[in-house]
Amino acid sequence: MDQQKKFETLAIHSGYDSLKHQGSLVPPLFQTSTFTFPTAEEGERRFAGESEGYIYTRLGNPTVKVLEEKMAVLEQGEAALAFGSGMAAVSATLFYLTKTGDHILCSEGIYGCTFGLLQLMEEKHNIEHNLISFTDEETVRRHIKDNTTCIYIESPINPTMKLVDLEMVVKVAKEKNIPVVVDNTFCSPYLQQPVALGCDYVIHSATKYIGGHGDVIAGIVVGKKEPLQEMAMTTLKDIGGVMSPFDAWLLVRGLKTLSVRVDRHVENAQKLYPLLKAHPKVKKVFYPGDEDFEQYELAKRQMKKPGGMISFEIEGTKEEAQAFLNRCRLIKIAVSLGDAETLIQHPATMTHAVVPPEERAKMGISDTLLRLSVGLESWEDIWEDLKSALDK
Ligand SMILES: *Cc1c(COP(=O)(O)O)cnc(C)c1O
């Protein structure tokens, strides 16, 4: 597929040629665990890597391959690997990049389960980590140790929406040849392409915007060809967190409408954040598209559009925050994001409950902070629900 084509076109057409599949417009679903060899000798050649062709779905599957090729193109990487969940992608990448005694430098305020994984890696495998605020070059430089083998970033950071200047971090990382990994879940490849800014690995929880319909758990890693081939034969194949062909098939479908959906998520979010800001019960709104947002300029530079996620703090206590959630009707109380349905959650007791209270406070997650994943409904209806729950 012509790489010069625009994102919207590539999301639909790249990675698949219908004429090689009897004209089937949609990629066939190869729902099979294994593949038969025509002869014993061909089986030997496939295992020896001397012949193309599939062996067993944990080692590769044609439907999954379509998704991987599309994602590599959309993130401007050389290759992609699909995983059974975002966390399978995160853990396979971190275990690939580290060994006992190494150090991971992380952005402060990461996804709750990634935080849990880092604890586990430290306790069980003596792989240490630091969570820091990547404010400027000097700060990043100062925190890099001799044993740092990976810089791990989320931007925007969940759920505070703080951004990390990826180009700035890449500049420092390159001085020491340290790979930079970015969890790009909140943006999707449509809004931010870290590889184009020099980052080495991009991770997605494809469960979110890429799937977009709340019916799949899946993960993706995009990066350079060689390391990804190595990962495919080690931390993917042998740890075994592979994606099912049906999930890949759903995600290929999801990708076709990604840009249209995200445009609408953003449009709705841009209508809602000023209304939230103006409401007397709302203390503070965190949205990268807000001119008052601390990193508004960086958001404009780094992201194509400011995204569909809004966090906001309401006046009162934890119990009052919970009572507010209980008054929402159209908006569903649920973790996850990027779905057609607007979802709201309470990070302090839900996604970030595993993070100790002191750490949470340091990350800027108060007991009245709420995270809204703006859906595809009419923004007027979403606002009516928010307003009536706030007004009570
Ligand atoms: C959801 C999420 C993950 C984990 O993905 P799963 O598909 O749930 O395993 C990782 N990072 C971010 C930012 C997420 O939102």
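Residues numbered from 1 in each chain as written. Predicted model: local features only at pLDDT ≥ 70, side-chain atom pairs only at ≥ 80, totals over all residues. Heavy atoms only, no water.

(A) Highlighting the sheet that holds strand β1 (residues 79-83). Read from one edge of the open sheet, seven strands run β1-β7-β6-β5-β4-β2-β3, paired in mixed fashion. Of all strands in the sheet, those bounded by a partner on one side alone are β1 and β3 (128-132). Each strand of the sheet is rotated relative to its neighbour by a mean of 20°, with strand direction disregarded. Bridge analysis of strand β5 (residues 180-183) against strand β6 (residues 201-205) gives three bridges, and the strand direction is parallel. Its bridge partner being in β6, V181 is matched across the sheet by Y201. Sheet strands in contact with helix α9 (residues 225-236) are β1, β6 and β7 (219-223), and its direction is about 20° off that of β1. (Pairing = 2+ DSSP bridges. Helix = DSSP H or I, 4+ residues; strand = E, 2+ residues; numbered from the N terminus. Axes fitted to C-alpha atoms, helices over the stretch in contact; angles between N-to-C directions. Contact = heavy atoms within 4.5 Å.)

(B) Layout of the site of the ligand. Residues in close proximity to the ligand total 13 residues, the closest being M87, D183, S205, T207 and K208. Measuring from an oxygen atom of the ligand, one finds a backbone N or O atom of G86 at 2.8 Å. At 2.6 Å from an oxygen atom of the ligand is found a side-chain nitrogen or oxygen belonging to T207. Within the complex, the protein chains bury 93% of what would otherwise be the 380 Å² of accessible surface of the ligand. Tallied by class, the residues present in the shell around the ligand amount to five nonpolar, five polar and three charged. (Near = heavy atom within 4 Å. Polar contact = N/O pair within 3.5 Å; in protein donor to acceptor, adjacent residues only side chain to side chain. Areas by Shrake-Rupley, 256 points an atom, 1.4 Å probe, with all protein chains shown as cover. Nonpolar A, V, L, I, M, F, W, Y, C, P; charged D, E, K, R; others polar.)

(C) Examining the pairing of strand β9 (residues 309-314) more closely. Among the six residues in β9, six count as buried, and that is most of the element. Taking every second residue as pointing to the same face, both faces of β9 are buried, with M309, S311 and E313 on one and I310, F312 and I314 on the other. Here strand β8 (residues 282-286) runs beside β9; their pairing, made up of four bridges, is antiparallel. Each residue of the ladder has a partner; that of V285, found in β9, is F312. The pairing of β9 with strand β12 (residues 369-373) spans five bridges and is classified as antiparallel. Within β12, the residue paired with I310 across the bridge is L372. (Buried < 20%, exposed > 50% of the residue type's maximum accessible area, 1.4 Å probe, protein only.)

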